[in-house]
Amino acid sequence: MKSENTNVNQDSISHNAELEIIRVENLHKNFGENEILKGVNLSVKQGEVISIVGSSGSGKSTLLRCINLLEYPTKGKIMFEGTDVLGDKSNQNTYRAKVGMVFQHFNLFSNMNVLQNCITAQVMVLKRTKEEASENAIKYLHKVGMAEYVNARPAQLSGGQKQRVAIARALAMNPDALLFDEPTSALDPELIREVLKTIESVAKDGMTMLIVTHEMTFARRISNKIAFMSEGVIEEIDTPDVVFDNPKSIKLKNFLRV
Amino acid sequence: MFFETVGNILERYGSMFLDGTLVTLYISLLGTIIGLLIGLLIGIVRTIPLSTSGEKNITPRFVLLKIVNFILSAYIEIFRGTPMIVQATVIYFGLAEVAGIDLEPIPAGVFVISINTGAYLAEVVRGGIQSVDISQFEGAKALGLSHWQAMLKVILPQTMRNIMPALGNEFIINIKDSAVLNVISVTELFFVTKTVKGVIYKTYEPFLIAALIYLILTFTVSRILRLIEKKMAGKANFVLTSSNLSADDLMFMEGKEV
Ligand SMILES: Nc1ncnc2c1ncn2[C@@H]1O[C@H](COP(=O)(O)OP(=O)(O)OP(=O)(O)O)[C@@H](O)[C@H]1O
Ligand SMILES: [Mg+2]
C-alpha cells in the first residue's frame with residue numbers, strides 16, 4: 001500500500017486517459033418523498049476535470065455526496081476503477097480515502113492544528129507512519145502555500161487559507177480523484193482567486209476532478225467537460241466550448257442567460 | 001464563646017474532620033470519573049447510527065441497537081428521576097438482603113455516585129456529541145475514517161471541551177450531595193460531623209465547620225475547573241514556522257507550546 005503513495009498524480013495520471021475512474025449509472029436519491037436525483041449517468045476518465053454547473057437545488061451537492069457515500073444512493077450504481085462501490089460495504093472507508101472531498105465550508109477539524117489535520121487520516125486510514133505522513137503533508141502544504149502555518153488552528157486562518165489547507169489535506173491522502181463542492185462559495189471575493197489558483201494548479205498536475213462551481217470563467221478555463229445539472233439529472237454534458245457557446249436545451253440556455 | 005467552641009472542636013476532632021473531608025473528596029472525585037466513563041460509553045452507544053446505509057431496513061443491528069437504547073434510556077430515567085438518598089438505601093441494603101452482597105460503605109458510596117453521575121452525564125455527553133458540527137464528522141468520513149476513528153480523533157475531543165462546564169458542575173454537586181451517603185454509613189464529612197455532634201452535644205457549631213469545609217472544597221474546585229477550561233480553549237496565537245522545516249523538526253515541535 002505504501003509504495004503507491006508518492007507522486008501518484010504527477011507520474012501515472014494522464015498517460016492513461018481512457019481509464020475510467022468514476023462511473024455513475026442511473027443514480028437515484030430520495031430524501032423521504034422527494035426524489036432529488038432522478039437517474040444520473042456520468043463517466044469520469046483519468047486526469048479529466050469535469051465541472052458541474054446548474055441552478056440551486058438541482059442536486060449537484062447531493063450527487064457529489066452520493067459519489068463519496070456521505071449520502072447513500074437509493075438506486076443505481078457507482079463504479080470506481082472498475083469495482084462496484086455499493087456492492088462491497090466492507091471496503092467503503094478505503095474507497096472514501098481514494099476519493100478526496102473538498103467542502104464549501106472547509107470542514108477542517110477544529111480540535112487540531114493544520115499539520116494534525118493533514119496527517120490524522122494518513123496515519124489512521126493509510127497506516128502511514130507519523131514521519132511519512134508529516135513529510136507528505138508538508139509537501140502538499142507547500143504546494144498550496146500553507147507550510148508556514150502548520151501550527152495554526154483552523155479558527156486562526158482566513159477562509160481562503162482554510163480552504164487551501166483543506167485541499168492539502170485531501171491531496172495528502174494521494175487520492176485517485178478529488179471532488180469539490182462549491183469550494184469558493186463561502187469565501188470573501190478577494191479570497192476566491194487564491195483558492196481557484198490552487199485548484200487550477202492541482203488540475204495541471206493531472207488530478208482527476210469533479211467540481212461543483214458557480215465560477216463560470218474558471219470552469220470554462222480548467223475543465224475538459226462541463227456537466228449541466230437540472231432537476232436531478234445531467235441535462236447536458238460536453239466540452240466547455242459546446243456547452244457555453246452552443247447550448248442545446250432550453251434549460252441550459254436559460255441558465256446561461258442569467 | 002463561639003470561636004472558643006469552634007477552636008476546641010477543631011483541636012480535638014480536627015483529624016476526624018480531615019478524614020471525613022478526604023473521604024468526601026475521594027468518593028466524589030472517583031464517582032465523577034467513573035460516572036464520566038459511564039456517560040461517555042452510553043453517549044457514544046446512543047449516537048451509533050441505526051443504519052450504515054441510510055436505509056431503514058430492520059436489520060439485526062437495528063433491532064439490537066433499539067433494545068440497547070431502550071435499556072439505556074430506562075437506566076437514565078430511573079436514576080435521574082429518583083433521589084440519590086433513596087438510590088443509596090435501596091442499593092446498599094437491597095444488595096445485602098437480596099443478593100447477599102455485603103459491600104463496604106465506601107465502595108458502595110462510590111458505586112452509587114458513579115451510576116447516578118453516569119445517568120446525568122450520559123445525557124450531557126449525548127448533547128455534547130450532537131453539538132459538534134456535523135461538518136466535522138463529514139470531513140472525517142470523507143477522508144476514509146470509520147465512525148469509531150472519527151469519534152475518537154475528532155468528535156470526542158471536541159465533545160470533552162463542550163461538556164467541561166457540565167462535568168465540573170457535576171463534580172461540585174457530587175461533593176455536596178455525597179453527604180446523603182451518611183445513610184449507608186459512609187464516613188464522609190457529613191457523617192463525621194454528625195458523629196462529632198453526638199459526642200460533644202453542640203449542634204450548629206460542628207455543622208458550621210462542615211459548611212465551611214464544603215465551601216472551600218467547592219470554591220477551589222470551581223477555580224481549578226475554570227483554569228482547565230481556559231487551557232482547553234487553546235492558545236490565542238500561533239507562530240509562523242519557516243517554510244523549510246523538515247518533518248523531523250515538526251515531530252519535535254508537535255505537542256509542544258511553540
Ligand atoms: N439531507 C437532506 N434531506 C432532505 N432534503 C435534502 C437533503 N439534502 C438536500 N436536500 C434537498 O435536495 C435538493 C437538492 O439539494 P442539493 O444540495 O443537492 O442542491 P445543489 O444543486 O447543490 O444546490 P446549491 O447550488 O444551492 O448548493 C434541495 O431541494 C434540498 O432541499
Ligand atoms: Mg450544493
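Before going into details, it helps to say that this report is about the structure given with it. Here the structure is a predicted model, which means the values were calculated and not measured.

### What about the overall build of chain A?
A tally of helices and strands in chain A yields 10 helices and 10 strands. A compact globule built from 258 residues would reach a C-alpha radius of gyration of about 18 Å, and chain A, at 18 Å, matches this within 12%. Seen along its three principal axes, the alpha-carbon backbone of chain A occupies a region of about 55 × 45 × 40 Å. Each of the 258 residues in chain A was classed as buried or not, and the buried ones make up 58%. Mean positive and mean negative side-chain charge positions of chain A (31 and 31 charges, respectively) differ by 2 Å.

### Here's the deal with the side chain of K29 of chain A
All names here are of chain A. Structurally, the position occupied by K29 is in strand β1 (residues 20–31). No salt bridge forms around the buried K29; measuring N to O, its nearest opposite-charge neighbour E71 is 4.2 Å away. Among the polar contacts made by the side chain of K29, one reaches the main-chain carbonyl oxygen of Y72 at a distance of 2.7 Å. Residues within four places of K29 in sequence aside, it is in contact with N34, E35, I36, L37, T62, C66, E71, Y72, P73 and T74.

### Some words on the site of ligand 1
Residue and element names in this part refer to chain A. Around ligand 1, the neighbouring residues are F31, I36, S55, S56, G57, S58, G59, K60, S61, T62, E182 and H214. For ligand 1, an oxygen atom lies 3.0 Å from a polar atom in the backbone of G59. Between ligand 1 and E182, the relevant distance is 3.1 Å, taken from an oxygen atom to a side-chain nitrogen or oxygen of the residue. When ligand 1 sits alone it has 640 Å² of accessible area, and the protein chains cover 59% of it. Per element, the largest residue contribution to the shell around ligand 1 is three residues, and it comes from helix α2 (residues 60–67). The residue makeup of the shell around ligand 1, split by class, is two nonpolar, eight polar and two charged.

### Comments concerning the pattern of salt bridges
Counting across every chain of the model gives 14 salt bridges over all chains. Across the salt bridge formed by R221 of chain A and E200 of chain A, the nearest N and O atoms sit 2.9 Å from each other. Of the two residues, R221 of chain A is situated in helix α8 (residues 216–222) and E200 of chain A in helix α7 (residues 189–204); the sequence distance between them amounts to 21 residues. Judged by relative accessible area, which is 51%, R221 of chain A ranks as exposed. As a salt-bridge pair, E123 of chain B and R46 of chain B come within 2.4 Å of each other at their nearest N and O atoms. Of this pair, E123 of chain B sits in helix α4 (residues 105–130) while R46 of chain B sits in helix α1 (residues 2–46), and the two are 77 residues apart along the sequence. The network of salt bridges with common partners includes E20, R23 and E25 of chain A.

### Regarding α1 of chain B
With 45 residues, α1 of chain B ought to run about 66 Å at 1.5 Å a step, yet its terminal C-alpha atoms sit only 54 Å apart, falling short of that. The largest bend along α1 of chain B reaches roughly 75° and is located at Y13 of chain B.

### Quick look at the packing of aromatic side chains
Given two aromatic rings, one states the distance between the centres and the angle between the planes to describe the pair. Evaluated as defined, the whole model comprises five aromatic pairs over all chains. Ring plane angle 55° and centroid distance 5.3 Å describe the contact between Y75 of chain B and F79 of chain B, whose orientation is recorded as tilted. A residue pair is termed a helical-turn pair when its members lie 3 or 4 positions apart in one helix, as Y75 of chain B and F79 of chain B do in helix α2 (residues 60–80) at four residues. A single burial state applies to Y75 of chain B and to F79 of chain B, both of which are buried. Ring plane angle 75° and centroid distance 5.0 Å describe the contact between Y92 of chain B and F93 of chain B, whose orientation is recorded as edge-to-face. Positioned above the aromatic ring of F109 of chain A, the side-chain terminus of R169 of chain A is 4.5 Å from the ring centre.

What counts, and at which threshold
Residues numbered from 1 in each chain as written. Chains lettered and ligands numbered in written order. Predicted model: local features only at pLDDT ≥ 70, side-chain atom pairs only at ≥ 80, totals over all residues. Heavy atoms only, no water. Helix = DSSP H or I, 4+ residues; strand = E, 2+ residues; numbered from the N terminus. Rg over C-alpha atoms; globule rule 2.2 N^0.38 Å. Buried < 20%, exposed > 50% of the residue type's maximum accessible area, 1.4 Å probe, protein only. Lys, Arg positive; Asp, Glu negative; His and termini not counted. Charge placed at Lys NZ, Arg CZ, Asp CG, Glu CD. Salt bridge = Lys/Arg side-chain N within 4 Å of Asp/Glu carboxyl O. Polar contact = N/O pair within 3.5 Å; in protein donor to acceptor, adjacent residues only side chain to side chain. Contact = heavy atoms within 4.5 Å. Near = heavy atom within 4 Å. Areas by Shrake-Rupley, 256 points an atom, 1.4 Å probe, with all protein chains shown as cover. Nonpolar A, V, L, I, M, F, W, Y, C, P; charged D, E, K, R; others polar. Expected span 1.5 Å × (residues − 1). Bend = angle between axes of the 7 residues up to and from the residue. Phe/Tyr/Trp six-rings, centres within 6.5 Å; stacked < 30°, edge-to-face > 60°. Lys NZ or Arg CZ within 6 Å of the ring centre and 35° of its normal.

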